[in-house]
Amino acid sequence: AGLSCARMATRLLVRPLRATAKRFTARAASTTVSSSSGDGDEKHLKRYPLIARGAGVQCVMKARSFDVKTDIPKAMGGLDEAPQPVELLLSALVGCEQATAAYVARHMVPRFKLNRVNFAITGVRDDRGSTSLPMNESPKYQARLLKITGEAVVHVRGATETQARVDELASLVMSRCPVADTLNAAGTKMEVKWRIADEFNGD
């Protein structure tokens, strides 16, 4: 019965979201244009409008024309039909780092011959930060991600790039990637090692 109710909630989430998406997107675009037309720093601000509707532990979001959904595992009361929100945060991190790396590589001098980056990362948090009881007392533990560990294996074109250049690329990416910068500002320790791929050992 619980699963049936959850699936019904999911269907109810999607229908009204689709109905309002176009109106919201048009309104958000109009707001962005008008607020970006002034002088000074305001014209450089980039906005990311998003609409969402949640029911139970699930949420359905629309970003521009793309639908995104979150859920939690069955052991936590969900249906396990979509990634957890924290998993999407980690996805946003590596996606943003990849896009930033492509931009940075084009503008490095000399140009960095980037082919692709393979990421394998893990986010770590103390679950007591979000689940400790009683609810009316401030938790003794932080709910945020404490650290992100793993590696980013950088594949290059040709044989002229070095680990020193990869280190330079990684430093520039970490300082320019909006998602990485946001996590850094929140105090999350970024322990992801960037290294050049060893093609002879199966990277």
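Residues numbered from 1 in each chain as written. Predicted model: local features only at pLDDT ≥ 70, side-chain atom pairs only at ≥ 80, totals over all residues. Heavy atoms only, no water.

## Regarding the overall build of the protein chain
Right, so step 1: Within the protein chain one finds five helices and six strands.
Right, so step 2: Every one of the 203 residues in the protein chain was classed for burial, and the buried ones make up 27%.
Right, so step 3: Once local pairs closer than 6 in sequence are excluded, the contacts in the protein chain between residues at least 24 apart make up 62%.
Right, so step 4: For the protein chain, the exposed area adds up to about 13100 Å²; of that, 56% sits on carbon and sulfur atoms. (Helix = DSSP H or I, 4+ residues; strand = E, 2+ residues; numbered from the N terminus. Buried < 20%, exposed > 50% of the residue type's maximum accessible area, 1.4 Å probe, protein only. Contact = heavy atoms within 4.5 Å. Areas by Shrake-Rupley, 256 points an atom, 1.4 Å probe, with all protein chains shown as cover.)

## Here's the deal with the environment of Arg64
Right, so step 1: Structurally, Arg64 can be placed in the loop between β2 (58-63) and β3 (66-70).
Right, so step 2: Overall, the relative accessible area of 62% leaves Arg64 in the exposed class.
Right, so step 3: Spatially, the C-alpha atoms of Arg64 and Tyr48 are 8.8 Å apart, while their sequence positions differ by 16 residues.

## Re the sheet that holds β2
The strands making up a sheet associate through hydrogen bonds between their backbones, and the pairing can be parallel or antiparallel.
Right, so step 1: Strand order in the open sheet formed by three strands is β1-β2-β3, with antiparallel pairing between adjacent strands. Of all strands in the sheet, those with a lone pairing partner are β1 (51-55) and β3, marking the two edges. Neighbour-to-neighbour, the strand axes of this sheet turn through a mean angle of 15°, independent of strand direction. (Pairing = 2+ DSSP bridges. Axes fitted to C-alpha atoms, helices over the stretch in contact; angles between N-to-C directions.)

## Points about the sheet that holds strand β4 (residues 114-124)
Right, so step 1: Spatially, the three strands line up as an open sheet ordered β4-β5-β6, and their pairing is mixed. The sheet terminates laterally at β4 and β6 (189-196), the two strands that pair on one side only. Averaged over all pairs of adjacent strands, the angle between their axes in this sheet comes to 15°, without regard to strand direction.
Right, so step 2: Across the face of the sheet, helix α2 (residues 85-107) comes into contact with β4, β5 (147-156) and β6 while running at roughly 150° to β4.

## Digging into the pairing of β1
Along a regular strand, successive side chains alternate from one face of the sheet to the other.
Right, so step 1: In this structure, β1 lies alongside β2, joined through five bridges in antiparallel fashion. Directly across from Ile51, in β2, lies its bridge partner Lys62.

## Points about helix α4 (residues 163-176)
Right, so step 1: Under the 1.5 Å per step criterion, the end-to-end length of α4 is 20 Å for 14 residues, consistent within 8% with the ideal 20 Å.
Right, so step 2: Among the structural elements, α2, β5, α5 (178-185) and β6 are those in contact with the buried residues of α4. (Expected span 1.5 Å × (residues − 1).)

## A look at the pairing of β2
Right, so step 1: Turn length for the β1-β2 hairpin, with the two strands adjacent in sequence and antiparallel, is two residues, and the turn residue Gly56 shows positive phi of about 65°.
Right, so step 2: Across five bridges, the pairing between β2 and β3 is antiparallel. Pairing of Met61 across the sheet is with Val68, part of β3.
Right, so step 3: Linkage of β2 to β3, two consecutive antiparallel strands, is achieved through a turn of two residues, within which Arg64 is found at a positive phi near 55°.

## Observations concerning the pattern of salt bridges
Right, so step 1: All chains considered together, the criterion is met by eight salt bridges.
Right, so step 2: Between Arg128 and Asp126 there is a salt bridge; the shortest N-O distance is 2.8 Å.
Right, so step 3: A relative accessible area of 18% means that Asp126 is categorised as buried.
Right, so step 4: Residue Arg165 is joined to Glu161 by a salt bridge in which the shortest nitrogen-to-oxygen separation is 2.8 Å. For the pair Arg165 and Glu161, a shared accessibility class is recorded, and that class is buried.
Right, so step 5: The structure contains a network of salt bridges with shared partners spanning Glu151, Arg195 and Asp203. (Salt bridge = Lys/Arg side-chain N within 4 Å of Asp/Glu carboxyl O.)

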